[in-house]
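Fold and geometry: a report
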There are 2 protein chains.
Amino acid sequence: MRIAVLGVGLIGGSVALAARRRLGAHVSGVDPVLDHSVVDGVGFADADIVVVATPVDTLEQEVRRALSETRGIVTDVGSVKRALVAAIDDERFIGGHPLAGAETGGVEHAREDLFDDATWYLTPTAKTSGVALEKLHRFITAIGARPAVIDAADHDRVMAAVSHLPHVLANVLVEQASQVLGGEILPPVGPSFRDATRVAGASPELWGQIYAANAEALGEQIDAVIARLQHLRLDGAWQADVAAMRARLLAEATGATQELRVSVPNQPGVVADLALTLGRAGINISDMSLAPSPDAASGVVGLWVPESDLDRARELIAQKGLAVS
Amino acid sequence: MRIAVLGVGLIGGSVALAARRRLGAHVSGVDPVLDHSVVDGVGFADADIVVVATPVDTLEQEVRRALSETRGIVTDVGSVKRALVAAIDDERFIGGHPLAGAETGGVEHAREDLFDDATWYLTPTAKTSGVALEKLHRFITAIGARPAVIDAADHDRVMAAVSHLPHVLANVLVEQASQVLGGEILPPVGPSFRDATRVAGASPELWGQIYAANAEALGEQIDAVIARLQHLRLDGAWQADVAAMRARLLAEATGATQELRVSVPNQPGVVADLALTLGRAGINISDMSLAPSPDAASGVVGLWVPESDLDRARELIAQKGLAVS
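Here is what the cut-offs are and how they apply
Residues numbered from 1 in each chain as written. Chains lettered and ligands numbered in written order. Predicted model: local features only at pLDDT ≥ 70, side-chain atom pairs only at ≥ 80, totals over all residues. Heavy atoms only, no water. Core = buried A, V, L, I, M, F, W, Y, C linked by side-chain atoms within 4.5 Å. Buried < 20%, exposed > 50% of the residue type's maximum accessible area, 1.4 Å probe, protein only. Contact = heavy atoms within 4.5 Å. Buried area = accessible area lost by both parts, 1.4 Å probe. Salt bridge = Lys/Arg side-chain N within 4 Å of Asp/Glu carboxyl O. Polar contact = N/O pair within 3.5 Å; in protein donor to acceptor, adjacent residues only side chain to side chain. Helix = DSSP H or I, 4+ residues; strand = E, 2+ residues; numbered from the N terminus. Nonpolar A, V, L, I, M, F, W, Y, C, P; charged D, E, K, R; others polar. Least-squares fit on C-alpha atoms with pLDDT ≥ 70 in both. Pairing = 2+ DSSP bridges. Axes fitted to C-alpha atoms, helices over the stretch in contact; angles between N-to-C directions. Phe/Tyr/Trp six-rings, centres within 6.5 Å; stacked < 30°, edge-to-face > 60°. pLDDT = per-residue confidence, 0-100.

1. Section: the nonpolar core
By size, the foremost hydrophobic cluster in this structure holds 78 residues, and its most contacted members are Val162, Phe193 and Leu229 of chain A together with Val162, Val168, Phe193 and Leu229 of chain B. Among all residues touching phenylalanine 193 of chain A, those that are not within four sequence positions of it are Leu173, Val174, Ala177 and Leu186 of chain A together with Ala161, Val162, Pro166 and Leu249 of chain B. Counting residues in hydrophobic clusters, the runner-up holds 51 residues, among them Ala19, Ala53, Ala132 and Phe139 of chain A.

Following this line, the structure appears as structure tokens:
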């Protein structure tokens, strides 16, 4: 297998290390920002998969370059997805976002096991080639991560709600306390303020970029918070409801998975649509295989899903008129 | 010294233990809720200081009872102060709030050292007797706590901003994530969400009461947060500003203190006004003494303040036309 990495920082460097050591892949690394390349074995043009790991504001340009200069699958590792995925209209491109290594930069920290057990979002569209999605899904599993297929807009909304919004509200708490205390130090009111504001003011440059990149989805979440704050039930019943909600959010996923085999017609978008449908229902596909039938008019997709989601997954697939076993 | 404690739970029980063991005080404990009393030595009517530590919704009634049945100083330990202090118009009453033991209840957890190094807010008014304030201040220091004089409305605002608001925003974050994820468990996005929501849904009954008791000040803080959210600067400069603000809020107080001696006329409210003025400027009085002059027309107040605040304190006192050395 031939892997090209565009942008050799922490993420790109770690992808290169994991691909070479765990898959024995031929890896080319090119850093368009630093303008130096570390070519190893094969050239860029022959790559089966190109991983674009350049800074957020260069992603669209570098993805386009990769699509025009290679015939392989192209993916990126940017932390927001909707705008990029909407801009790139190509069956060989699949947006990606590994939840790993966000805060510590530099190729000098790259390591083979950076992605072990990390969620790695993939955001195919109705245009995406099923073969490309299956190949990329397997590659990501092979380097240690857990791929999770999700719609690009849903991805940005989830990241806004569970990652970016906590940073915004932590900042607001600090500003508010600072104004009320008028320069005094915090009275010792227990750990709640300290915990709630632990990420306040984190990495100004990085977070400035993240806010800007996900401005649209984050803006929607902030508006939703404003609406909530305008209609609060400040009572014990609210506390109890929230306690139950938090327990559900932080529940552990069950470990065991089972395979579902689905017969699919050989049409563009069918596999991506299947994966997105399950993703939307909160059902994670931990592994995926794709076998074309001899006549090439149809194929069989193997999907490994959590045992506890098996019946729901089967039902959702059947609703699409596909045969599942 | 004779101390009466009305309401023998965690706080009242700990006050009783500390007063008896550290000051050798005669302590009477009465629990109007449980309707049993532990009288030990002296009766209620002779108390020098009555500490009302009953549930929040009974405080006003019990404080009135204590004022009518005794001639001593009366204080309470409720976590909100504005409404109670406004309702009780008596020079012998001083609102109080120790920042200790809020979450674990029951007299069985009472201990002599519960208040060691804990901030204990006192909220005198212009009506408050200076002699009463000095006596209560010294009592609180003697049982191990650090008294901090603050205006009742400021107290409620500070508690709303640094304690109650973090709980509200943690709840809102959980609700918002829960809605966006639609029943899915939280993706592993790092510790920010977990930290920011650690107190979400805490102790429903207790927090229902706290929200209700401080509804006015908390409502103001929520409105202020809404206004902030409507005008955010979502950029790196904001992050950097907030980082600096948080560092200031969490700075350590310096240890060394020095005494200021202030000559005061024998007028009601002078000492309370002095203490409130310094409190409002964020200058904490760690110890206080009051010596009447032989003619009883004036006196000298000794105030121990942090060395770093000495010049500012001197200036504020001089602005009141009082002689300070």
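2. Notes on the interface of chain A and chain B
Opposite the 75 residues of chain A that make contact, chain B presents 75 residues. For the pair chain A and chain B, the summed buried surface comes to about 7,100 Å²; carbon and sulfur atoms form 70% of the total. When the buried area of chain A at its contact with chain B is split by residue, Arg228, Gln239 and Leu249 of chain A rank highest and sum to 11% of it. Our count for the chain A to chain B interface comes out at four salt bridges. Measuring nitrogen to oxygen at the nearest pair gives 3.7 Å for the salt bridge that ties arginine 228 of chain A to glutamate 175 of chain B. The interface formed by chain A and chain B includes 22 residue pairs in polar contact (both at pLDDT 80 or more). Those elements that place two or more of their residues in the side of chain A that touches chain B are β7 (119–123), α5 (152–181), α6 (192–196), α7 (204–213), α8 (215–230), α9 (236–249) and α10 (270–280) of chain A. When residues of the side of chain A that touches chain B are assigned to their parent elements, the largest contribution, 22 residues, is made by α5 of chain A. For the side of chain A that touches chain B, the class distribution of residues is 46 nonpolar, 17 polar and twelve charged.

3. Observations regarding the relation of the copies chain A and chain B
Once chain A has been moved 0.0 Å along the axis and rotated by 180 degrees, it coincides with chain B to within an RMSD of 0.1 Å. Both chain copies can therefore be described as sitting about a two-fold axis. The rotation axis passes nearest to the C-alpha of alanine 196 of chain A in chain A, at a distance of 2.1 Å. A share of 100% of interface residues in chain A that are also interface residues in chain B marks the association as one of identical surfaces.

4. Observations regarding helix α10 (residues 270–280) of chain B
Residues and elements named next belong to chain B. Most of α10 sits out of view: nine of its eleven residues are buried. Buried residues of α10: Val270, Val271, Ala272, Leu274, Ala275, Leu276, Thr277, Leu278 and Gly279, and no others. Just downstream of α10, glycine 282 is the residue with a positive phi angle, here 80 degrees.

5. Some thoughts on the pairing of strand β9 (residues 257–265) of chain B
Residues and elements named next belong to chain B. Inspection of the sheet shows β9 paired to strand β11 (residues 298–306) by nine bridges, in the antiparallel sense. Across the sheet, residue valine 264 finds its bridge partner in β11, namely glycine 299. In this sheet, strand β12 (residues 323–324) lies alongside β9 in antiparallel orientation, the contact comprising two bridges. Residue pairing across strands places serine 263 opposite alanine 323, the latter belonging to β12.

6. Observations concerning the sheet that holds β11 of chain B
Residues and elements named next belong to chain B. Taken together, the four strands give an open sheet; going across it, the order is β10-β11-β9-β12, and neighbouring strands pair in antiparallel fashion. Since the sheet does not close on itself, it has two edges, and those belong to β10 (287–292) and β12, each with one partner. Running over the sheet, helix α11 (residues 310–319) touches β9, β11 and β12 and is turned about 5 degrees from β9.

7. Looking at the packing of aromatic side chains
Within a pair of aromatic rings, the relevant descriptors are the distance that separates the centres and the angle that separates the planes. Tallied over the entire structure, the rule returns six aromatic pairs over all chains. Through a chain of ring-to-ring contacts, the aromatic side chains of Trp207 and Tyr211 of chain A together with Trp238 of chain B assemble into a single cluster.

8. Focus: the confidence of the model for chain A
A residue-level look at chain A finds 92% of positions with pLDDT of 70 or above and a mean pLDDT of 88. Confidence drops under pLDDT 50 across residues 38–42 of chain A; counting only partners more than four residues distant or on other chains, this segment forms nine contacts.

9. Quick look at the sheet that holds strand β9 (residues 257–265) of chain A
All names here are of chain A. An order of β10-β11-β9-β12 is seen for the four strands of this open sheet, with the pairing classed as antiparallel. Two strands bound the open sheet, and with one partner strand each, they are β10 (287–292) and β12 (323–324). This element, helix α11 (residues 310–319), spans β9, β11 (298–306) and β12 of the sheet and lies at about 5 degrees to β9.

10. Points about the side chain of lysine 81 of chain A
Residues and elements named next belong to chain A. Within the fold, lysine 81 resides in the loop between β5 (73–76) and α3 (82–87). With a relative accessible area of 0%, lysine 81 lands in the buried category. Here lysine 81 is in contact with Asp76, Gly95, Gly96, His97, Thr123, Ala152, His155 and Asp156, once residues within four sequence places are set aside.

11. Remarks on unusual backbone geometry
The phi torsion of most residues other than glycine is negative, and most of the peptide bonds are trans. All names here are of chain B. Here the phi dihedral of aspartate 117 falls at roughly 65 degrees; this positive angle occurs in a residue that is not glycine. Structurally, aspartate 117 can be placed in the loop between β6 (93–98) and β7 (119–123). Here serine 203, not a glycine, exhibits a phi torsion of approximately 25 degrees, which is positive. Serine 203 gets classed as partly exposed once you look at its relative accessible area, which sits at 29%.

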